[in-house]
Amino acid sequence: MNAKRFQQILIGVLSFVAVVSTVLLFQTRSAMSSKPECPACPEQAPAVQIPASRCDAGGPGANDALAVIHARTSVRAYKDQPVSLDQVEKMLKAGMAAPTAGNRQPWYFVATTDRAVMDKLAEANEHGAMLKSAGAAIVVVGSPPEGLRGESGEMWVQDCAAATQNILLAATAQGLGAVWIGIHPVTDRVAAVRNILEIPQDKTPFSIVSIGWPEGTPTPKDKFKPEKVFNGKWGTAFEFSKPAATPPDAIDAPAVQAPEPAPAADETGTVPVPPPDAAPAAEPAAVKPPAPVIPGLPADTMPRAAAEAAPEQPAPTQN
Ligand SMILES: Cc1cc2nc3c(=O)[nH]c(=O)nc-3n(C[C@H](O)[C@H](O)[C@H](O)COP(=O)(O)O)c2cc1C
């Protein structure tokens with residue numbers, strides 16, 4: 001090999017090394033700047049990064065918050081299949097990630113997969129029969145003295161509601177089915193749950209989330225009603241850019257689906273649960289997180305100006 005040939009090879013090798021180093025350096029820098037700390041989170045990291053130690057994202061569809069929100073539905077029929085402790089922990093952590101007034105976190109949770117305990121809770125509540133076939137139950141317990149009170153009202157109620165909803169969403173994200181069983185403010189239900197779980201007097205059982213593997217394939221109800229949304233002030237219609245996921249052959253049909261026949265609700269808005277052997281009601285049963293049935297997706301269609309002009313929420317009132 002003559003000197004010129006050697007020089008050519010050397011230049012080639014050095015060029016190759018330079019190109020590879022540049023590419024690697026660029027990849028590392030872009031990964032550092034845009035990749036979330038949590039490897040399970042999507043490439044397009046949210047503005048707020050979740051420390052990897054606290055991130056429970058993962059599993060099919062779990063990263064798509066809107067899909068999970070729209071996939072959630074009350075599920076009251078479950079397979080005879082256990083709910084794992086890991087799943088329960090994820091739901092508890094999701095519950096405690098909810099917002100609370102003044103960041104007081106005035107809540108406690110009683111979680112159980114104990115058949116006998118869930119049976120007792122089912123028997124103590126005429127609207128909680130589904131607990132008989134549940135694989136797990138999480139009781140959200142409020143602590144009124146720890147919550148924001150006074151002029152602000154009894155904020156612990158909203159705090160516990162937010163936690164309950166987060167638990168429902170975490171169940172959905174894991175492919176589980178769940179339903180919110182209302183306890184507070186129905187005094188006999190509060191007393192019954194307090195008694196069964198030995199909850200002290202200064203704490204108030206707020207809700208029970210009944211959880212299990214869905215029996216069948218439940219479909220979320222379409223509750224999107226554009227006529228309930230106003231633009232800027234009460235009475236001015238808000239025009240959604242995508243009113244509904246209307247099939248082409250139903251274009252002339254009313255934009256809003258007729259409400260499903262509602263089962264008789266009691267004074268708290270809860271509906272009675274059909275006996276386990278009854279034919280499934282219009283109520284859906286299960287959820288497939290990766291491909292939820294999403295009847296309408298209003299969230300990404302709301303113009304920013306209208307969102308900012310949305311009327312202020314009424315001040316919370318005493319419960
Ligand atoms: C405060 C509250 C209390 C509820 N209590 C019960 C209950 O005791 N039993 C029940 O089967 N469902 C109960 N539900 C579930 C509702 O019936 C259900 O959310 C409603 O029918 C709408 O259906 P969806 O959850 O599938 O959208 C409750 C829901 C809320 C928000």
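Fair warning: this is a prediction, and the values are worked out from it, not measured in the lab. (Residues numbered from 1 in each chain as written. Predicted model: local features only at pLDDT ≥ 70, side-chain atom pairs only at ≥ 80, totals over all residues.)

Turning our attention to the overall build of the protein chain. When helices and strands are tallied, the protein chain shows seven helices and four strands. Counting helices and strands in the order they occur from the N terminus, the protein chain gives α-α-α-β-α-β-α-β-α-β-α. Expressed as a percentage of the 319 residues in the protein chain, the buried residues total 28%. (Helix = DSSP H or I, 4+ residues; strand = E, 2+ residues; numbered from the N terminus. Buried ≥ 20, exposed ≤ 12 C-beta atoms within 10 Å, placed from the backbone.)

Bringing helix 4 (residues 115-123) into the picture now. Restricting attention to buried positions, one finds in helix 4 the residues Met 118, Leu 121 and Ala 122. Projected onto a plane normal to the axis of helix 4, the buried residues spread over an arc of 100 degrees and lie on a single side. Turning to helix 4, the residues buried within the fold contact strand 1 (107-112), strand 2 (136-142), helix 6 (187-197) and strand 4 (204-212). (Arc of directions from axis to C-beta. Contact = placed C-beta atoms within 7 Å.)

We now examine the sheet that holds strand 4. Strand order in the open sheet formed by four strands is 1-2-4-3, with antiparallel pairing between adjacent strands. In the strand order of this sheet, the two ends are held by strand 1 and strand 3 (177-182), each with one partner. Strand after strand, the sheet turns through a mean of 20 degrees between neighbouring axes, direction not considered. Looking at chain direction, strand 1 and strand 2 are connected through six bridges and run antiparallel. Counterpart to Thr 112 in the pairing with strand 2 is Ala 137. Each of strand 1, strand 2 and strand 4 is contacted by helix 6, which is oriented at about 75 degrees to strand 4, the strand it contacts most. (Pairing = 2+ DSSP bridges. Axes fitted to C-alpha atoms, helices over the stretch in contact; angles between N-to-C directions.)

Turning next to the nonpolar core. Generally speaking, soluble globular proteins have nonpolar side chains that are buried together. Core analysis: the biggest nonpolar cluster contains 47 residues, and Ala 137, Ile 138, Ile 167 and Ile 211 have the highest contact counts within it. Mapped onto this core, the elements with two or more residues apiece are helix 2 (65-71), helix 3 (85-95), helix 4, strand 2, helix 5 (156-173), strand 3 and strand 4. Per element, the largest residue contribution to this core is 10 residues, and it comes from helix 5. Among all residues touching Ile 167, those that are not within four sequence positions of it are Met 91, Ala 94, Gly 95, Ile 138 and Val 209. (Core = buried A, V, L, I, M, F, W, Y, C linked by C-beta atoms within 7 Å.)

One can describe the packing of helix 3 onto helix 5 by two numbers: an axis separation of 7 Å at closest approach and a directional angle of 145 degrees. Relative to helix 5, the crossing made by helix 3 is right-handed. Contacts from Lys 90, Met 91, Ala 94 and Gly 95 in helix 3 reach Ala 163, Asn 166, Ile 167, Leu 169, Ala 170 and Ala 171 in helix 5. Classifying every residue of the contact of helix 3 with helix 5 gives seven nonpolar, two polar and one charged. (Left-handed = near helix turned anticlockwise from the far one by under 90°. Nonpolar A, V, L, I, M, F, W, Y, C, P; charged D, E, K, R; others polar.)

The next subject is the environment of Gly 216. With respect to the helices, strands and loops of the structure, Gly 216 is situated in the loop between strand 4 and helix 7 (304-309). Taking the C-alpha atoms as reference points, Gly 216 and Tyr 78, 138 residues apart in sequence, are found 8.4 Å from one another.

Structurally, the position occupied by Ala 67 is in helix 2. Separated by 105 residues in the primary sequence, Ala 67 and Thr 172 have C-alpha atoms spaced 9.8 Å apart.

Most of strand 2 sits inside the fold, with seven of its seven residues counted as buried. When strand 2 meets strand 4, the two strands line up antiparallel, connected through seven bridges. By the bridge assignment for strand 4, Val 140 is matched with Ser 207.

For the bond from His 184 to Pro 185, the omega torsion is 10 degrees, close enough to zero to count as cis. Secondary-structure assignment places Pro 185 in the loop between strand 3 and helix 6.

End to end, helix 5 covers 26 Å across 18 residues, agreeing with the expected 26 Å (1.5 Å per residue, within 8%). The element helix 5 is largely enclosed, with a buried count of 14 among its 18 residues. Two residues or fewer past helix 5, Gly 175 is found with a positive phi of approximately 80 degrees. (Expected span 1.5 Å × (residues − 1).)

It is worth spelling out the confidence of the model for the protein chain at this point. Counting all residues, the mean pLDDT for the protein chain is 74, and 59% of those residues have values of 70 or more. Per-residue pLDDT, averaged within each element of the protein chain, yields its smallest value for helix 7 (31) and its largest for strand 2 (99). The model gives residues 28-36 a pLDDT under 50, and that stretch makes six contacts with residues more than four places away or in other chains. Scored below 50 in pLDDT, residues 246-319 shows 115 contacts in the model against residues more than four places distant or in partner chains. (pLDDT = per-residue confidence, 0-100.)

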